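Survey of secondary and tertiary structure
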Amino acid sequence: RRFLARGQLPLQAMEDASAHSYLLSSTDLGPPLSTVNQTAYVSQVFPDFPAFSIFLADDFTNAMPWYISKMFVPGDLWNGATTLDDATSLNFLIYANNVGIPAGYPGDGSSPQWDISLLPTDPQISLSTGSPGGYLSNVTLDLTTAISLPAGDWWFIFYPEMSFTSYGEYGRQASDTTNGYTGQFINPGGGFGYGTNWQNWTVLGPTQQDIAFRLEGEPIPEPTTMLLLGSGLLGLVGYGRKKFFKK
């Protein structure tokens with residue numbers, strides 16, 4: 001049977017299934033998990049039960065253009081799942097903001113600002129042990145080519161495509177931060193009976209506003225900054241790795 005969250009009772013309507021955003025410097029790589037709620041909430045494409053595929057999204061803001069080179073997403077597995085190595089693909093997307101919700105979702109025909117779909121064995125992917133399940137459910141993406149992201153408000157989505165029947169369920173987890181907008185949930189196929197539009201992810205049960213994830217990178221030098229660097233005035237510029245935070 002599928003569950004919307006790890007440890008939930010099954011919903012009667014199905015046979016079947018179902019964390020926040022901020023960017024930290026590379027000196028702090030600990031998973032930004034909630035200290036009071038480590039339940040995982042499904043964010044997965046089920047090729048064998050497409051009506052129950054779910055996407056979770058949360059927002060972040062960069063006040064200036066950035067190169068993003070690394071992404072970290074904590075999560076957990078259940079219903080027989082033990083590793084994200086069993087996924088057909090691991091998918092990362094960034095959507096523009098549309099009045100407090102993502103400006104699209106995977107499969108709706110819209111174009112995200114950026115996206116990448118990789119095999120779990122891709123050299124840019126590293127899997128590590130998540131909690132509390134102890135499975136290979138945490139994902140780190142070290143991009144070979146950094147993303148050039150304009151300044152703005154954005155939404156981050158991560159999900160695996162993985163058979164429920166063969167491999168079980170994956171979910172993302174909450175953060176205790178309260179930045180920007182409330183995390184969002186969408187079940188485009190309507191299998192869970194919550195409708196087919198974006199809505200606050202708290203409908204699934206968490207009381208936390210945010211969904212855990214981390215992006216790392218560095219600001220893109222502006223033309224005036226590049227002129228200063230060319231003049232050797234490094235002390236006047238002094239930019240480097242910085243922190244991204246949600247609004």
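Residues numbered from 1 in each chain as written. Predicted model: local features only at pLDDT ≥ 70, side-chain atom pairs only at ≥ 80, totals over all residues. Heavy atoms only, no water.

Let us look at the overall build of the chain. Assigned secondary structure in the chain consists of three helices and 15 strands. For the chain, the proportion of its 247 residues judged to be buried stands at 51%. (Helix = DSSP H or I, 4+ residues; strand = E, 2+ residues; numbered from the N terminus. Buried < 20%, exposed > 50% of the residue type's maximum accessible area, 1.4 Å probe, protein only.)

A few words now on the sheet that holds strand β15 (residues 214-219). The four strands lie next to each other as β8-β9-β3-β15, forming an open sheet whose pairing is antiparallel. Among the strands making up the open sheet, the edge pair consists of β8 (125-129) and β15. The average angle at which neighbouring strand axes cross in this sheet is 20°, direction not considered. One ladder, built from seven bridges, connects strand β3 (residues 66-73) with strand β9 (residues 136-149); its direction is antiparallel. Among the inter-strand pairings, Tyr 67 is bridged to a residue of β9, identified as Ser 148. (Pairing = 2+ DSSP bridges. Axes fitted to C-alpha atoms, helices over the stretch in contact; angles between N-to-C directions.)

Turning to the confidence of the model for the chain, a few remarks are in order. Overall, the prediction assigns the chain a mean pLDDT of 83, with 77% of residues at 70 or greater. Segment residues 7-31 is flagged for pLDDT under 50; beyond a separation of four residues in sequence, or across chains, it makes 107 contacts in the model. Here residues 231-245 scores under 50 on pLDDT; set against residues more than four positions off or in separate chains, the count is 36 contacts. (pLDDT = per-residue confidence, 0-100. Contact = heavy atoms within 4.5 Å.)

So, about the pairing of strand β10 (residues 152-161). Counting buried positions over the ten residues of β10 gives seven, a clear majority of the element. Here six bridges tie strand β2 (residues 55-62) to β10, and the two strands are oriented antiparallel to one another. Within the sheet, the bridge partner assigned to Phe 60 lies in β10 and is Trp 154. Sheet analysis places strand β5 (residues 89-98) next to β10, joined by eight bridges and oriented antiparallel. From the neighbouring strand, Asn 91 faces β10, where its bridge partner is Tyr 159.

With the rule as written, the count across this model stands at two salt bridges. Between Lys 70 and Asp 142 there is a salt bridge whose closest N-O contact spans 3.6 Å. With Lys 70 in strand β3 and Asp 142 in strand β9, this residue pair connects regions lying 72 residues apart in the sequence. Residue Glu 216 pairs with Arg 214 through a salt bridge whose shortest N-O separation is 3.2 Å. Both residues of the pair, Glu 216 and Arg 214, count as buried. (Salt bridge = Lys/Arg side-chain N within 4 Å of Asp/Glu carboxyl O.)

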